[in-house]
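Structural overview for review
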Amino acid sequence: MLGVKLVSENLVLEFGNTRWKLGSVDREYQVTLVGSGHDLAQLTDLILHVAPTFVGVASVAPPQTVLDLRHALADSGVELLEASPEQGFGITLCYVDPSRLGVDRWLTLLAARYHGANQAAQSHAIIDAGTAVTLDVLNANGHHRGGWIAPGFRLMQESLIQKSTRLRVSDNVPDAILGEGTEAAIHLGCQASLQGFAHTAIQSAEEALGSPPDCLWFTGGDSGLINKKALQIAAKTQVIERPNLVLEGLAQWLSFKSPPRSF
Ligand SMILES: Nc1ncnc2c1ncn2[C@@H]1O[C@H](COP(=O)(O)OP(=O)(O)O)[C@@H](O)[C@H]1O
Ligand SMILES: CC(C)(COP(=O)(O)O)[C@@H](O)C(=O)NCCC(=O)O
Ligand SMILES: [K+]
């Protein structure tokens, strides 16, 4: 127990492989997004402006990123508490070495397992469409059954550009089923891959669990590219879209470090 005292403004921070996301945590451990970006100086300013006691941090970026932030916040009185995956908190991780599991993936498991009140005995499939697109499956007993990692939407596009000579992408979002030009064909093709990932993830989660998951979660910056209505989702499955699921998991982790009474 770290004895974390939550005051009204404590922060949670995720460093993904594309960008950082900063959220504030209220007394009920609810998260509101404060900002996101790439620039460490901007992030430092945001944190110093709020002047929290604690910042819960989860990073899958290079270790130097968190070291740089620690350096920038030295002497500010702000304490960084970095989460890392471990067995416990009602979740049994299937990895032989749990430290190899992405902390972002682990935190989505925590967020899913503890969402709402008294709903822990549910099964979950979690799709996070970020730099990478990931699937994680958690059964109703809290056993992490494993998951998938594949290139995310931008990464698929970038690898096409890097490994070919004639391909280009654009930020235009085509309003079409089939592309009538290179950029539209790439956008729609990569989006179809993401859709196919989600489609097969739902089938495989059901196969691994023995029945459809109680909850199907979508998070990550590109989750909006997945057409949920086109997926075959069982009637019993609740579809939950939470853009900040990793930050919510971090807030949950902080709550385990300190009961909410200590304001
Ligand atoms: N404001 C934004 N800045 C950057 N990427 C964004 C933004 N909004 C949506 N995206 C999309 O989100 C993706 C990154 O998702 P995110 O979940 O933030 O990734 P990660 O956690 O790996 O850093 C990008 O590939 C991009 O397509
Ligand atoms: C799979 C990930 C790259 C996803 O990162 P993200 O797309 O959120 O930036 C990250 O969770 C990670 O580095 N995981 C470690 C390997 C693993 O989870 O098995
Ligand atoms: K992520």
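Here, the structure is the one placed above.
Structure report, in brief. (Residues numbered from 1 in each chain as written. Chains lettered and ligands numbered in written order. Predicted model: local features only at pLDDT ≥ 70, side-chain atom pairs only at ≥ 80, totals over all residues. Heavy atoms only, no water.)

A short note on the site of ligand 2
- Neighbouring residues of ligand 2: 14 residues in total, closest Tyr-95, Gly-102, Asp-104, Arg-105 and Ala-132.
- Out of a free accessible area of 470 Å², ligand 2 has 79% covered by protein chains.
- Mapped by element, the contributors of at least two residues to the shell around ligand 2 are helix 3 (103-113) and strand 7 (132-138).
- Considered class by class, the residues forming the shell around ligand 2 number 5 nonpolar, 6 polar and 3 charged. (Near = heavy atom within 4 Å. Areas by Shrake-Rupley, 256 points an atom, 1.4 Å probe, with all protein chains shown as cover. Helix = DSSP H or I, 4+ residues; strand = E, 2+ residues; numbered from the N terminus. Nonpolar A, V, L, I, M, F, W, Y, C, P; charged D, E, K, R; others polar.)

Things to note about the site of ligand 1
- Taken together, the residues surrounding ligand 1 are Glu-14, Gly-16, Asn-17, Thr-18, Arg-19, Lys-21, Gly-130, Thr-131, Arg-154, Gly-220, Gly-221 and Asp-222.
- Between an oxygen atom of ligand 1 and a side-chain N or O atom of Arg-19, the distance comes to 2.6 Å.
- Take Thr-131: an N or O atom from its side chain is 2.4 Å from an oxygen atom of ligand 1.
- In the complex, the protein chains occlude 75% of the 570 Å² of accessible area that ligand 1 would expose alone.
- Tallied by class, the residues present in the shell around ligand 1 amount to no nonpolar, 7 polar and 5 charged. (Polar contact = N/O pair within 3.5 Å; in protein donor to acceptor, adjacent residues only side chain to side chain.)

Some thoughts on the coordination of the potassium ion (ligand 3)
- Distances from the potassium ion (ligand 3) to its protein donors, Glu-14 (OE) and Asp-128 (OD), fall within 3.0 to 3.2 Å. Here the residue Glu-14 occupies a position in strand 1 (residues 10-15), and Asp-128 occupies one in strand 6 (residues 124-129), the gap between them amounting to 114 residues.
- Classification of Glu-14 by relative accessible area gives buried; the value is 8%. (Donors = N, O, S within 2.8 Å, 3.2 Å for Na, K, Ca; no water. Buried < 20%, exposed > 50% of the residue type's maximum accessible area, 1.4 Å probe, protein only.)

Here's the deal with helix 5 (residues 182-209)
- With 28 residues, helix 5 ought to run about 40 Å at 1.5 Å a step, and its terminal C-alpha atoms sit 40 Å apart, in line with that.
- Ile-186, His-187, Leu-188, Cys-190, Leu-194, Gln-195, Phe-197, Ala-198, Ala-201, Ile-202, Ala-205 and Leu-209 are the residues of helix 5 that are buried.
- Where helix 5 is buried, its residues touch strand 6, strand 7, strand 8 (144-151), helix 4 (153-162) and strand 9 (215-219).
- Positive phi shows up at Gly-210, right after helix 5, with a value of about 90°. (Expected span 1.5 Å × (residues − 1). Contact = heavy atoms within 4.5 Å.)

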